[in-house]
Amino acid sequence: MNSRTMRVFAWLAAGLGGLLLLIFYALMGAYVYLAPDLPTANQMRSVEMQIPLRVYTRSGQLIAQIGEQRRVPVQYEEIPQLVREAFIAAEDDRFFQHSGVDYAGVLRALIVDVTTGDFSQGASTITMQAARNMFLNSEKTLRRKLQEVFLTYRMENEFTKEQILNTYLNVIFFGQRSYGVAAAAEVYFGKALGELSVAEAATLAGLPQAPSRYNPVTSPER
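Residues numbered from 1 in each chain as written. Predicted model: local features only at pLDDT ≥ 70, side-chain atom pairs only at ≥ 80, totals over all residues. Heavy atoms only, no water.

Another aspect to go through is the overall build of the protein chain. The secondary structure content of the protein chain amounts to nine helices and five strands. Counting helices and strands in the order they occur from the N terminus, the protein chain gives α-α-β-β-β-α-α-α-α-α-β-β-α-α. Across the 222 residues in the protein chain, those meeting the buried criterion constitute 36%. Considering only intrachain contacts with a sequence separation of at least 6, the fraction spanning at least 24 residues in the protein chain is 60%. Of the roughly 13600 Å² of accessible surface on the protein chain, 57% is carried by carbon and sulfur atoms. (Helix = DSSP H or I, 4+ residues; strand = E, 2+ residues; numbered from the N terminus. Buried < 20%, exposed > 50% of the residue type's maximum accessible area, 1.4 Å probe, protein only. Contact = heavy atoms within 4.5 Å. Areas by Shrake-Rupley, 256 points an atom, 1.4 Å probe, with all protein chains shown as cover.)

Attention now moves to helix 7 (residues 161-171). Where burial is concerned, most of helix 7 is hidden: eight out of the 11 residues are buried. The set of residues buried in helix 7 consists of Lys161, Ile164, Leu165, Asn166, Tyr168, Leu169, Asn170 and Val171.

The next thing to look at is unusual backbone geometry. Even without glycine at this site, glutamine 176 takes up a positive phi of about 55 degrees. With a relative accessible area of 29%, glutamine 176 lands in the partly exposed category.

The subject of this paragraph is the nonpolar core. Among the nonpolar cores identified, the biggest contains 34 residues, and Phe87, Leu165, Tyr168, Phe174, Val181, Leu193 and Leu204 are the most heavily contacted of them. Of all the secondary structure elements, the ones that give two or more residues to this core are helix 3 (81-91), helix 5 (126-135), helix 6 (142-158), helix 7, helix 8 (181-189) and helix 9 (198-206). In terms of residue count, helix 8 provides more of this core than any other element does, six residues in total. (Core = buried A, V, L, I, M, F, W, Y, C linked by side-chain atoms within 4.5 Å.)

Where helix 3 contacts helix 9, the two axes come as close as 9 Å, and the packing angle between them is 45 degrees. Judged by the angle between their axes, helix 3 and helix 9 are oblique. Remark: the crossing between helix 3 and helix 9 carries right-handed chirality. Side by side, helix 3 and helix 9 meet where Leu82, Val83, Ala86, Phe87, Ala90 and Glu91 of the first sit next to Val198, Ala201, Leu204 and Ala205 of the second. Of the residues in the contact of helix 3 with helix 9, the class split is nine nonpolar, no polar and one charged. (Axes fitted to C-alpha atoms, helices over the stretch in contact; angles between N-to-C directions. Parallel < 35°, antiparallel > 145°, perpendicular 65-115°, else oblique. Left-handed = near helix turned anticlockwise from the far one by under 90°. Nonpolar A, V, L, I, M, F, W, Y, C, P; charged D, E, K, R; others polar.)

As a further point, take the confidence of the model for the protein chain. The pLDDT averaged across the protein chain works out to 79; a share of 70% of its residues lies at or above 70. Put simply, strand 1 (residues 53-56) is where the protein chain has its lowest mean pLDDT, 54, and helix 3 is where it has its highest, 94. (pLDDT = per-residue confidence, 0-100.)

If you walk across this open sheet you meet the three strands as 3-5-4, and the pairing is mixed. Each of the sheet's edge strands pairs with one partner strand only, and the pair in question is strand 3 (70-71) and strand 4 (173-175). (Pairing = 2+ DSSP bridges.)

According to the stated counting rule, one finds five salt bridges in the structure shown. In this structure, glutamate 148 and arginine 132 form a salt bridge, with 2.9 Å as the shortest nitrogen-oxygen distance. With a gap of 16 residues between them, glutamate 148 in helix 6 and arginine 132 in helix 5 connect regions that are remote in the sequence. One exposure class covers both glutamate 148 and arginine 132, and it is buried. With a shortest N-O distance of 3.0 Å, glutamate 200 and lysine 191 are connected by a salt bridge. Salt bridges linked by common partners bring Arg132, Arg144, Lys145 and Glu148 together as one network. (Salt bridge = Lys/Arg side-chain N within 4 Å of Asp/Glu carboxyl O.)

This brings us to the side chain of histidine 98. Secondary-structure assignment places histidine 98 in the loop between helix 3 and helix 4 (103-116). Ignoring sequence-local partners within four residues, the contact set of histidine 98 consists of Asp92, Thr125, Thr127, Glu156 and Lys161.

Once that is clear, we can look at the environment of glutamine 129. Within the secondary structure, glutamine 129 sits in helix 5. The residues contacting glutamine 129, other than those within four sequence positions of it, are Glu91, Ser124, Tyr168 and Ile172.

Okay, the side chain of threonine 152 next. With respect to the helices and strands, threonine 152 occurs in helix 6. If sequence neighbours within four positions are ignored, threonine 152 has contacts with Gly100, Val101, Thr127, Met128 and Ala131.

Okay, here's the thing in structure tokens:
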């Protein structure tokens, strides 16, 4: 390698290093600016989910639910392994390996989007979706996306993977006004979580990507 080539490589390395340093300081500045608006760990732990008023017969049979959202909160231990694995396979197969943001998934989605040209691939992890659905909104802005990333890392530092997965499975939207996997199992199949078949669990796991498009009630053929 001659001296000219070495100088070019040195210049490129210096430029890349400067760019990375600039990005780092930009992210630090964004965090300092946005952090006060993010929920603290204590606030995240104390948040209450909206639960509909349930009306039962004298014999204990549910006859009505009153409220905008259908939700049946469940603990992690109440969710069968089959159901948990179905969602991990469909939404975030490296959930237990990454630290909130799956950079390998981001790169894979970017490659697919560029090569296909339809830009339909997302790279949101289960933690990012839990953060967005629980504490943020769905605005497609840089500010909201940065809030999501910062909150994702805060959740990963404050909670276990099992707690995060449990939060996700309790807040995600499934269509038909149902929020959370237990409510979705009741709405679409009239079953408790422990009664779901492999096919039913897989159907529910595919719904969060497009609740209206893959809704078993309105689009059974899909």
